[in-house]
Amino acid sequence: QVQLVESGGGLVQAGGSLRLSCVASRSILSFTAMGWYRQAPGKQRELVASASSGGRTNYADSVKGRFTISRDNAKNTVYLQMNSLKPEDTGLYYCNAMPLGTPIFSWGQGTQVTVSS
C-alpha cells in the first residue's frame, strides 16, 4: 500500500492559479500512470489529468489548456498546475496511481480547491 498526501489547495478568485502537490510514501517510478481526480459537491469523482512515466499527458476537456500535470519521480511527487481557474473547478482534489486506467490505492485526504466568482 502507498500513502498519498495532497496539498496546495485553497480559496482563490476566478482567473487565479494554484499548484497542487501529491507526495507518495514510496517511489512512483514504477507506476506507468499517475492521475489527479476531483470531486465536486454532489458529484462523482472524475479524472481531470494523467501523466505517464514516459511523459505523455491527458486532460479532461473541461481543463484542457488550463491545467498542467507533471511528475517528479525523484521526489515521489505529482503536481497539478491550475491556471485560469473557474468556479466550476471547485472541489476536493486527489491523486492516485492508475497503471491500468483505474486508481489502485486508497484515497488520501485530498486538498480542497474553492474558486469564487
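Residues numbered from 1 in each chain as written. Predicted model: local features only at pLDDT ≥ 70, side-chain atom pairs only at ≥ 80, totals over all residues. Heavy atoms only, no water.

> What should I look at first to understand the sheet that holds strand 6 (residues 57-59) in this one?
For sheets, the rule is that strands pair by backbone hydrogen bonds, running either parallel or antiparallel. Pairing is mixed in the open sheet, where six strands are placed in the order 2-10-9-4-5-6. Across the chains shown, the open sheet's two edge strands, defined by having one partner strand only, are strand 2 (10-13) and strand 6. Adjacent strand axes in the sheet meet at a mean angle of 20° when their direction is disregarded. Taken together, the three bridges between strand 5 (residues 46-52) and strand 6 define a ladder with antiparallel strand orientation. Across the sheet, the residue bridging to Ala51 is Thr57, located in strand 6. (Pairing = 2+ DSSP bridges. Helix = DSSP H or I, 4+ residues; strand = E, 2+ residues; numbered from the N terminus. Axes fitted to C-alpha atoms, helices over the stretch in contact; angles between N-to-C directions.)

> Is there a simple way to explain the pattern of salt bridges in this structure?
Side chains that carry opposite charge are capable of pairing whenever their charged atoms lie near each other. As enumerated under the stated definition, the model contains four salt bridges in all. For the salt bridge of Arg38 with Glu46, the shortest nitrogen-to-oxygen distance reads 2.9 Å. Put simply, Asp89 and Arg66 hold a salt bridge, and the shortest N to O gap is 2.7 Å. Taken together, the residues span a long stretch of sequence, with Asp89 in the loop between strand 8 (77-82) and strand 9 (91-97) and Arg66 in the loop between strand 6 and strand 7 (67-72) at a distance of 23 residues. Of the two residues examined, Asp89 and Arg66, each falls in the buried class. One salt-bridge network, held together by shared partners, links Arg38, Glu46, Arg66 and Asp89. (Salt bridge = Lys/Arg side-chain N within 4 Å of Asp/Glu carboxyl O. Buried < 20%, exposed > 50% of the residue type's maximum accessible area, 1.4 Å probe, protein only.)

> Sorry, what's going on with the state of the cysteines here?
Two cysteines, two sulfur atoms, one covalent bond between them: this is a disulfide. According to the stated counting rule, one finds one disulfide in the structure shown. Through a disulfide, Cys22 is tied to Cys95; the S-S separation comes to 1.6 Å. Residue Cys22 is located in strand 3 (residues 18-24), and its partner Cys95 is located in strand 9; the two are separated by 73 residues in the primary sequence. The residues Cys22 and Cys95 share a single accessibility class, namely buried. (Disulfide = S-S within 2.5 Å.)

> What am I meant to see in the environment of Phe31 here?
Assignment of secondary structure puts Phe31 in the loop between strand 3 and strand 4 (33-39). The class of Phe31 is buried, set by a relative accessible area of 7%. Each C-alpha atom, one on Phe31 and one on Val12, is 32 Å from the other, the two residues being 19 residues apart in sequence.

> What is the right way to read the sheet that holds strand 7 from this model?
Strands sit in the order 1-3-8-7 across an open sheet of four strands; the sheet is antiparallel. Edge positions in the sheet fall to strand 1 (4-7) and strand 7, since each has one partner strand and no second. Direction aside, the axes of adjacent strands within the sheet are offset by 15° on average. Here strand 3 pairs with strand 8 via six bridges, running antiparallel. If you follow Ser21 over to strand 8, its bridge partner there is Tyr79.

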